[in-house]
Amino acid sequence: MTIIFRIAAAALLVGAGAQASGQTSETASVSEARPTQPPRADRRDYSYSRHGITISDPWHWLKDESYPQIDDEDVLDYLRAENTWFEANMAPHEALVDELFAEMRGRIKEDDSTVPQKDGDYLYWSEFEPGAEYRKFYRRPVAGGEAQLYLDATKLAEGHEYLSINDISVSESGRYLAYSIDTDGAERYTVHVKDLQTGEMLPDTIPETNTSLIWAADDTMLVYGRANENWRVDNVRVHRIGTDAAEDVEIYREPQLGFTVSPSVSGNREWLVIAAGDNETSEARLLPLADPLSEPVVVRARQTGVEYGVDIRGDTIFVLTNDDHVNFRLATAPLADPDSWTTLIAGSDEFYLTDFQLFQDFYVTEGRLAGLDQVQVRYYDDPARIEALSFPEASFTTGLSNNPEWDLSKLRLNYQSPITPSTVYDYDVASRELETLKVQEIPSGFDPSLYTVERMMISARDGVQVPVTIVYRKDRARSYPDGGGPLHLYAYGAYGYAIPPGFSTARFSYLDRGMAYAIAHIRGGDDLGRNWYLQGKMEERTNTFNDFVDVARGLVARGYTAEGKISASGGSAGGELMGAIVNQAPELWGAVVAHVPFVDVLNTMLDESLPLTPGEWPEWGNPVESKAAFTHILSYSPYDQVVAQDYPPMLVTAGLNDPRVTYWEPAKWVAKLREYKTDDNVLLLKTNMGAGHGGKSGRFEGLRETAEEAAFILWQLGLAQ
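Residues numbered from 1 in each chain as written. Predicted model: local features only at pLDDT ≥ 70, side-chain atom pairs only at ≥ 80, totals over all residues. Heavy atoms only, no water.

Colleague: I'm lost on the overall build of the protein chain in this one. Help?
Modeller: Across its full length, the protein chain holds 13 helices and 39 strands. Here the protein chain has a C-alpha radius of gyration of 25 Å; the compact-globule value for 721 residues is 27 Å, and the two agree. Projected onto its principal axes, the C-alpha coordinates of the protein chain cover approximately 70 × 55 × 50 Å. Burial analysis of the protein chain (721 residues in total) assigns 60% to the buried set. By sequence separation, contacts in the protein chain at least 24 residues apart represent 59% of the contacts at least 6 residues apart. In the structure as shown, the protein chain presents an accessible area of about 27400 Å², 46% of it carried by carbon and sulfur atoms. With 63 positive and 110 negative side-chain charges, the protein chain shows a separation of 3 Å between the mean positions of the two kinds. (Helix = DSSP H or I, 4+ residues; strand = E, 2+ residues; numbered from the N terminus. Rg over C-alpha atoms; globule rule 2.2 N^0.38 Å. Buried < 20%, exposed > 50% of the residue type's maximum accessible area, 1.4 Å probe, protein only. Contact = heavy atoms within 4.5 Å. Areas by Shrake-Rupley, 256 points an atom, 1.4 Å probe, with all protein chains shown as cover. Lys, Arg positive; Asp, Glu negative; His and termini not counted. Charge placed at Lys NZ, Arg CZ, Asp CG, Glu CD.)

Colleague: I would appreciate a short explanation of the pairing of strand β9 (residues 176-182) in the present structure.
Modeller: Consecutive side chains of a regular strand alternate in pointing toward one face of the sheet and then the other. Of all seven residues in β9, seven are buried; the element is thus mostly enclosed. Of the two faces of β9, the one holding Y176, A178, S180 and D182 and the one holding L177, Y179 and I181 are both buried throughout. The sheet contact formed by strand β8 (residues 164-170) and β9 spans six bridges and is antiparallel. When the sheet's bridge partners are listed, D167 is paired in β9 with S180. Remark: five residues form the turn of the hairpin made by β8 and β9, two consecutive strands paired antiparallel; G174 in that turn has positive phi of roughly 85 degrees. Pairing of β9 with strand β10 (residues 189-195) involves six bridges; the strand directions are antiparallel. In the strand pairing of β10, Y176 is matched with D195. In this structure, the hairpin formed by β9 and β10 is closed by a connection of six residues, where G185 is found at a positive phi of approximately 90 degrees. (Pairing = 2+ DSSP bridges.)

Colleague: How should I be thinking about the packing of helix α1 (residues 73-90) against helix α12 (residues 664-676) in this particular structure?
Modeller: Geometry of a packed helix pair, given as the angle between the helix axes and the separation of the axes. Two numbers describe how α1 lies on α12: the axes approach to 12 Å, and their chain directions differ by 65 degrees. Here α1 lies roughly perpendicular to α12, going by the angle between them. For α1 against α12, the interelement crossing comes out left-handed. Touching Y78, L79, E82 and W85 of α1 are A667, V670, A671 and R674, all from α12. (Axes fitted to C-alpha atoms, helices over the stretch in contact; angles between N-to-C directions. Parallel < 35°, antiparallel > 145°, perpendicular 65-115°, else oblique. Left-handed = near helix turned anticlockwise from the far one by under 90°.)

Colleague: Would you mind going over unusual backbone geometry with me for this structure?
Modeller: A negative phi angle characterises most non-glycine residues, just as the trans form characterises most peptide bonds. With omega at 15 degrees, the peptide bond leading from Y67 into P68 counts as cis. Unusually for a residue other than glycine, A217 sits at a positive phi of about 50 degrees. Along the chain, the position of A217 falls in the loop between β12 (214-216) and β13 (221-224). Note on A217: relative accessible area 14%, which makes it buried.

Colleague: So what exactly am I meant to see when it comes to the side chain of T398 here?
Modeller: Mapped onto the fold, T398 is located in strand β28 (residues 397-400). Overall, T398 belongs to the buried group, its relative accessible area being 11%. Not counting residues up to four positions away in its chain, the partners in contact with T398 are D373, V375, F391, L413, N414 and Y415.

Colleague: I would appreciate a short explanation of the nonpolar core in the present structure.
Modeller: Note on soluble globular proteins: their nonpolar side chains tend to be buried together. Ranked by size, the top nonpolar core spans 90 residues in total, and within it I470, L487, L489, F548, L555, W589 and W669 carry the most contacts. When near neighbours in sequence (up to four residues on either side) are disregarded, W669 contacts G579, V582, A594, P597, V599, P638, Y639, V642, M650 and V652. Counting residues in each nonpolar core, the second largest holds 26 residues, with L96, Y510, M515 and L684 among its members. (Core = buried A, V, L, I, M, F, W, Y, C linked by side-chain atoms within 4.5 Å.)

Colleague: It is not clear to me how the pattern of salt bridges should be interpreted in this structure. Could you clarify?
Modeller: Side chains that carry opposite charge are capable of pairing whenever their charged atoms lie near each other. Throughout the structure, instances matching the rule amount to 54 salt bridges. For R478, the salt bridge is made with D475, and the minimal N-O distance between the two is 3.8 Å. Residue R478 is classed as exposed on the basis of its relative accessible area, which comes to 69%. In this structure D475 comes out as partly exposed when scored by relative accessible area, which is 24%. In this structure, E708 and K686 form a salt bridge, with 2.8 Å as the shortest nitrogen-oxygen distance. Pair noted here: E708 is in helix α13 (residues 699-716) and K686 is in strand β39 (residues 681-688), with a separation of 22 residues, a long-range link. (Salt bridge = Lys/Arg side-chain N within 4 Å of Asp/Glu carboxyl O.)

Colleague: Just to check I follow, could you spell out helix α10 (residues 613-620) for this structure?
Modeller: Residue pairs three or four apart in sequence face the same way in an α-helix, which turns once every 3.6 residues. Burial within α10 is extensive, with eight of its eight residues counted as buried. Among the residues of α10, those classed as buried are T613, P614, G615, E616, W617, P618, E619 and W620. Two residues or fewer past α10, G621 is found with a positive phi of approximately 110 degrees.

Below is the structure:
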């Protein structure tokens, strides 16, 4: 289906948090090859006033004024100096990094492949070759024949430090392939087109895109969205195969600042859906896929605070919306009268309806009940018939996988838990039986009986019960008979993104060294329904930070860990969380890792030229227009709230080309921390000079960064050998 349009900064679901010791705050020369003291960024006078409040920002200069081009040598020298300091501090632990990397790599099947999935006349899958950083994409005719390598990401990455593929789209006839790639992490993708019959690359090239690629009009047209100068997709265009991209026809332009647009296709592949929206409001338009240049039909005009997403079956539109219940309802409407919505599944206080997908003979709803994923098969001709899939574990994550065909009898699903490797199932709708197609292989071995998973509720300071998933080895009690052992705590807490209690091979490098690993399902995510998210945004944003701190204290009170033995990590908006919790309760943490942290919240929300800012105002507030929003954001923005106090050991990461959390946010934050902190704990900043929001892109290059993070944590918690 076309899911409800929401903008969300990418959550970095990485392993842990960490740090070092023995740091001083004295200035070091950036020219030293092996520094013995950390660098310090100069203070340069800069201030501004808004709403009668004056803000001093002496590290404002770290924002290169020529951004997105970054060529200020003072800025680059400082970032390089911080990288040198990072390398100098981590050098004594290189053997531990190597050991952890070898462990983590040993749990990965190097010659891995996905389960083939039928789409039209072909079966499609991808493979990793041993040692390869990137995938190869294959297909084979269903009727039989040789496998065809139709896209080689390893070859595309040659000569590049970074590679990301945004979308791969094979045309309906199976003849053409369109794909979009980014080679520097800036998330500005270039589209290329290939003739799969001849193997020829067509001259068609479309720059500056950042949406799905939709084939239309009997494979003669390609629909996409182009990013503007502010990295926002505010338009949808049609490209005719064989023509210059400069001749592409714009079929929709979004007039509202902060709204972005995205094209998708209906489940029956008859309709093009253009979704527009921000973090709280959405609007959808329909056009026949056979004629994308026709006049679009608006399903329902936008209403502030109302979100909806649509799919079509026959002459009926299905609508998922929060218009009359916070946990969403599913409605239908005649295609001839798309604004006339009739409830099919009513909204529920208990069941949170998160998604649906239509098929020819049945449809599937997905959601959460008491915080656990639910998958339900439903029938058009019998609304009372609901077949819910059940799973035995106390904490797990599951959902539909890739199901591209309209007429099918088996559903492809994924399932995993903290101690159950990722499992691919086919669910036979008629027999209601699950067939296991693939279980993630752990080459170095894995015994789930060694571990235990618990799900508990811990009281926050306002009395709200916060769910926590925790996993640890069953023999951990022998290492820490009085309790109080080391524990890692992870969360995100923003945009209504629920952290799934899934399987992580890297996590066992912590668990097998006696650590417990906990996920705090804090407000700001939608783990317990849409209200759970709403209670962690805008004026209630600080609930997110308080929940995380209170979960940590609750785990101490229950004997799972002790103050100062907790490591913590989060990325992007989860990095903002890390900044807030070290300001609020620095004594709790033995190590903290903040990945591409959104910590300069006030300054970013004041700068509407930045890519995401206008679309983020419904999430954080608009400090440009509202003094109340300005003062509230100022009250918790981690960069603005740095004070003279002891801070825990910290590792901070950044991406020079990151368009989501710009590199200067973590750089400014680290510079200010160096100035104010009163401790001797290590503070490290690592900037990926050739990557963006997600760090390094290769399979094993990224894994080595995970090993560095783990080494940092184990070092700071006294678990390094």
